[in-house]
Protein chains: 2
Amino acid sequence: METKQKDGRISVVTGILEANDRVADENRRMFANTGTCVIDLIGSPGAGKTALLEATLPALAGAARVGVIAGDIETTLDAERISVFDVPVVQTTTGAFGGACHLEASTVRQAADQLGMDGLNLVFIENVGNLVCPAEFDIGQGARVVVLSVTEGEDKPLKYPLAFRTADFVVINKTDLLPHLDLDMAVLRRNLGQVNPRLKWAEISARTRDGLDTWIAWIRERMGNSKRHTTN
Amino acid sequence: METKQKDGRISVVTGILEANDRVADENRRMFANTGTCVIDLIGSPGAGKTALLEATLPALAGAARVGVIAGDIETTLDAERISVFDVPVVQTTTGAFGGACHLEASTVRQAADQLGMDGLNLVFIENVGNLVCPAEFDIGQGARVVVLSVTEGEDKPLKYPLAFRTADFVVINKTDLLPHLDLDMAVLRRNLGQVNPRLKWAEISARTRDGLDTWIAWIRERMGNSKRHTTN
């Protein structure tokens, strides 16, 4: 996303973001009405967002009525991977919009309408693979989760701070590869805390399912907070 | 980068791209005048762009007068890693522009002026870690190289096609991790050829230096093509 560059662009960009924020607020009210916990998953291409869902959906079977919105520039590959699970899934591609690098609130609105939020108490939105632009756009999510692969290196929280500052939780993925990397986990943890002292995270391998418990417990806590408050 | 969305935005975005293209053309003429081969390195966060330079610079020692422009949103970490080699390096950060997700031709112009292209016959520009937006912006490069880590999966050429369609070469990095991944290299190669049949690539490990020869040979060929053609 092009932001705050020279002169005339500033007002255009501000206008785009304000219009997006209005729709995001409407989305958030809609999700509150249906009592749906909506989690925006962002991360670099290949960080393992879809793999995380493949590990998470079976772990939540019976405990939640889950839906998935998969965002990509091109292809329906992610929705195909999710469709083997018994959950409703909508693929939205930004290719028709020139290959937009992030989901916007209006795109999410359309996908949510197609998915049907009523009756779902948990919806994952897999954003376009990009650690920069999705962080700039509120889509009305209840929580934002950054998926970060250990293969990406210790320095990513410092180099892409907005994603980590606006995140509620980080899933550090692919820990099964740690024995084969030079990564220093202590430095990565320190960098996360430096960018966002309130940040919680789980260290997992979506592939081996190792460490999933912390992540699942966090989801269940968020779902509890999102429950529709009826007055009877 | 926000592109071709609804109504009024289209003309604004087109204007931004056209203004960028004009400066990119000027950059290209400047690089032709100094006989400098300029390579734009793009790839996801953590694909190994800086590690590739750390492996490449020693391999070119004595064979080229090399400079580096390192682009990031925040930090000078990449320039610090490059500065241990005996090459001039300029770090440019987009944080002052709201954390722009790509380098623009005007940013590259400023960095090139600071670096001083005259006397350099090879300059690497390490773009912001992002597989989407940098592909949309011509910066006047002589060649574009996508760095793709095998940890990112086979499907990335299909999901981020513009980067691979506009690339002259792909460095498939981190092959030392292949024994520990489920990746099918034959599928990755097929997907690269499907998106861009003219594409050449090298399969390397920047960490172990394995497979560097194909990459170095390609650079030397490009450098030969970029030589200043004098008329004496």
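Because the structure is a prediction, the values reported are computed rather than measured. (Residues numbered from 1 in each chain as written. Chains lettered and ligands numbered in written order. Predicted model: local features only at pLDDT ≥ 70, side-chain atom pairs only at ≥ 80, totals over all residues. Heavy atoms only, no water.)

Caption draft 1: Structural context of the overall build of chain A. A count of helical and extended segments in chain A gives eight helices and seven strands. Here chain A has a C-alpha radius of gyration of 17 Å; the compact-globule value for 232 residues is 17 Å, and the two agree. Based on the C-alpha atoms only, the size of chain A along its principal axes is roughly 50 × 45 × 35 Å. When the 232 residues of chain A are sorted by exposure, 58% land in the buried category. Pairs at least 24 residues apart make up 75% of the contacts formed inside chain A by residues separated by at least 6 positions. In the structure as shown, chain A presents an accessible area of about 9100 Å², 49% of it carried by carbon and sulfur atoms. Here chain A carries 25 positive and 30 negative side-chain charges, and the mean point of each set is 4 Å from the other. (Helix = DSSP H or I, 4+ residues; strand = E, 2+ residues; numbered from the N terminus. Rg over C-alpha atoms; globule rule 2.2 N^0.38 Å. Buried < 20%, exposed > 50% of the residue type's maximum accessible area, 1.4 Å probe, protein only. Contact = heavy atoms within 4.5 Å. Areas by Shrake-Rupley, 256 points an atom, 1.4 Å probe, with all protein chains shown as cover. Lys, Arg positive; Asp, Glu negative; His and termini not counted. Charge placed at Lys NZ, Arg CZ, Asp CG, Glu CD.)

Caption draft 2: Summary view of the packing of aromatic side chains. Residues and elements named next belong to chain A. Going through the model one piece at a time under the given rule, you end up with eight aromatic pairs over all chains. Aromatic pair Phe124 and Trp215: ring centres 6.4 Å apart, planes at 40 degrees, arrangement tilted. Of the two residues, Phe124 sits in strand 4 (residues 122-126) while Trp215 sits in helix 8 (residues 212-226), which places them 91 residues apart along the sequence. Accessibility expressed as a relative area gives 0% for Phe124, which makes it buried. One aromatic cluster in this structure is built from Phe124, Phe169, Trp215 and Trp218. (Phe/Tyr/Trp six-rings, centres within 6.5 Å; stacked < 30°, edge-to-face > 60°.)

Caption draft 3: Main features of the pattern of salt bridges. On inspection of all chains with the given rule, the structure shows 24 salt bridges over all chains. Among the ionic pairs, Asp40 of chain B bridges to Arg144 of chain B, the shortest N-O distance being 3.3 Å. Residue Asp40 of chain B is located in strand 1 (residues 37-42), and its partner Arg144 of chain B is located in strand 5 (residues 143-149); the two are separated by 104 residues in the primary sequence. You'll find Asp40 of chain B and Arg144 of chain B in the same group, each marked buried. Lys156 of chain B serves as the salt-bridge partner of Asp155 of chain B, at 2.6 Å between the closest nitrogen and oxygen. Pair check on accessibility: Asp155 of chain B and Lys156 of chain B agree, each one buried. Members of the salt-bridge network, linked through shared partners, are Asp72 and Asp78 of chain A together with Asp155, Lys156 and Lys159 of chain B. (Salt bridge = Lys/Arg side-chain N within 4 Å of Asp/Glu carboxyl O.)

Caption draft 4: View of the side chain of Asn196 of chain B. Residue and element names in this part refer to chain B. Relative to the helices and strands, Asn196 is located in the loop between helix 7 (185-195) and strand 7 (200-203). Judged by its relative accessible area of 2%, Asn196 is buried. Setting aside chain neighbours within four positions, we find Asn196 in contact with Phe164, Arg165 and Ala167.

Caption draft 5: Structural view of the interface of chain A and chain B. Facing the 49 residues of chain A at the interface are 49 residues of chain B. Across the chain A/chain B interface, buried area totals approximately 4000 Å², and carbon plus sulfur atoms make up 54% of it. There are six salt bridges connecting chain A and chain B. At the surface where chain A touches chain B, the tally comes to 11 residue pairs in polar contact (both at pLDDT 80 or more). Secondary structure elements with two or more residues in the side of chain A that touches chain B: helix 1 (9-34), helix 3 (77-82) and helix 5 (156-159) of chain A. A breakdown of the residues in the side of chain A that touches chain B according to their chemical character gives 19 nonpolar, 13 polar and 17 charged. (Buried area = accessible area lost by both parts, 1.4 Å probe. Polar contact = N/O pair within 3.5 Å; in protein donor to acceptor, adjacent residues only side chain to side chain. Nonpolar A, V, L, I, M, F, W, Y, C, P; charged D, E, K, R; others polar.)

Caption draft 6: Geometry of the relation of the copies chain A and chain B. Between the two copies, chain A and chain B, the superposition gives an RMSD of 0.0 Å; the rotation angle is 180 degrees and the shift along the axis is 0.0 Å. Expressed as a symmetry operation, the mapping of one chain copy onto the other fits a two-fold axis. Residue by residue, 100% of the interface of chain A is reproduced at the interface of chain B, so both copies engage with the same surface. (Least-squares fit on C-alpha atoms with pLDDT ≥ 70 in both.)

Caption draft 7: The sheet that holds strand 1 of chain B, seen in detail. Residue and element names in this part refer to chain B. One open sheet accounts for seven strands, arranged 3-2-4-1-5-6-7; its pairing is parallel. The sheet is open, and its two borders are formed by strand 3 (89-93) and strand 7, each paired with just one other strand. Pairs of neighbouring strands in the sheet enclose a mean axial angle of 20 degrees, with direction left out of account. With five bridges connecting them, strand 5 and strand 6 (residues 169-173) associate as parallel partners. Across the sheet, residue Ser149 finds its bridge partner in strand 6, namely Asn173. (Pairing = 2+ DSSP bridges. Axes fitted to C-alpha atoms, helices over the stretch in contact; angles between N-to-C directions.)

Caption draft 8: Summary view of the environment of Ala186 of chain B. Examined against the element boundaries, Ala186 of chain B turns out to sit in helix 7. A sequence separation of 15 residues divides Ala186 of chain B from Val171 of chain B, and the C-alpha atoms of the two residues are 15 Å apart.

Caption draft 9: Fine view of the sheet that holds strand 7 (residues 200-203) of chain A. Residues and elements named next belong to chain A. Spatially, the seven strands line up as an open sheet ordered 3-2-4-1-5-6-7, and their pairing is parallel. The sheet is open, and its two borders are formed by strand 3 (89-93) and strand 7, each paired with just one other strand. Along the sheet, successive strands turn relative to each other by an average axial angle of 20 degrees, direction set aside. With five bridges joining them, strand 1 (residues 37-42) and strand 4 adopt parallel strand pairing. Bridge assignment links Asp40 to a residue of strand 4, and that residue is Ile125. Along the sheet face, helix 4 (residues 105-115) touches strand 2 (66-72), strand 3 and strand 4 and points at about 140 degrees away from the line of strand 2.

Caption draft 10: Just the state of the cysteines, in detail. All names here are of chain A. Inspection of every chain in the model, using the stated rule, returns zero disulfides over all chains. Counting only cysteine sulfurs, Cys101 is the nearest neighbor of Cys133, a cysteine outside any disulfide, at a range of 3.5 Å. Look at Cys133 and you get buried, because its relative accessible area is 0%. (Disulfide = S-S within 2.5 Å.)

Caption draft 11: Seen up close, the packing of helix 2 (residues 49-59) of chain A against helix 8 of chain A. All names here are of chain A. Put simply, helix 2 and helix 8 touch, their axes get as near as 11 Å, and they point 70 degrees apart. The pairing of helix 2 with helix 8 is recorded here as roughly perpendicular in orientation. Here the hand of the crossing between helix 2 and helix 8 comes out right-handed. Where helix 2 approaches helix 8, its residues Leu52, Ala55, Thr56 and Ala59 are matched on the opposing element by Leu212, Trp215, Ile216 and Ile219. Residues belonging to the contact of helix 2 with helix 8 are distributed by class as follows: seven nonpolar, one polar and no charged. (Parallel < 35°, antiparallel > 145°, perpendicular 65-115°, else oblique. Left-handed = near helix turned anticlockwise from the far one by under 90°.)

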